[in-house]
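Per-entry structural report
What follows is each chain in one-letter form.
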Amino acid sequence: MKTPEQVVAAQLDAYNRKDLDALLACYADDARMYVYPATLVAEGREALRERMSLRFAEPDLHAELRRRVVLGELVIDDEIVTRTFPEGRGSMAMTMIYRVADGHIIDASVIAGAPVLDES
């Protein structure tokens, strides 16, 4: 069985490849995603599929891992995420907090900074 760090690494790799099936395989069937600290934004793989399908439609989507902290079942990723915002291409600081059990992410919390648009 994969370690929590390996599960989250596989999820990030799938995210950057925009491989929706591989990404969802990293999550438990009943996984939950929150905007930190406790606003539920998706529950279950199908809700995650819908949410991530929209994100994967962005042409510039990419997450750069700056630092990873592993504390048992918790994995905390500090990232810079490049996105295509309605106002244009840019990036934002993002912290992801994953809880992993039995080889799958069971919940994920998102802390997102303000978007910074690229200079034209």
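Up top is the structure.
Read on for an overview of the structure. Here the structure is a predicted model, which is why all the values come from computation and not from measurement.

**Brief notes about the pairing of strand 3 (residues 62-71)**
Two elements, strand 3 and strand 4 (residues 74-85), share nine bridges in a ladder whose sense is antiparallel. What sits directly across from Glu-64, in strand 4, is Ile-80. The loop that links strand 3 with its antiparallel partner strand 4 comprises two residues; one of these, Gly-72, has a positive phi angle of about 65°.

**What to know about the environment of Gln-11**
When you line up the elements, Gln-11 lands in helix 1 (residues 4-17). For Gln-11 and Tyr-27, which are 16 residues apart along the polypeptide, the C-alpha to C-alpha distance reads 8.4 Å. Apart from the residues within four sequence positions on either side, Gln-11 is in contact with Leu-23, Cys-26, Tyr-27, Tyr-98 and Ile-105. Among the polar contacts listed, one links the side chain of Gln-11 to the side chain of Tyr-98, at a separation of 3.2 Å.

Criteria and thresholds
Residues numbered from 1 in each chain as written. Predicted model: local features only at pLDDT ≥ 70, side-chain atom pairs only at ≥ 80, totals over all residues. Heavy atoms only, no water. Pairing = 2+ DSSP bridges. Helix = DSSP H or I, 4+ residues; strand = E, 2+ residues; numbered from the N terminus. Contact = heavy atoms within 4.5 Å. Polar contact = N/O pair within 3.5 Å; in protein donor to acceptor, adjacent residues only side chain to side chain.

These figures come from the coordinates and say nothing about function on their own.
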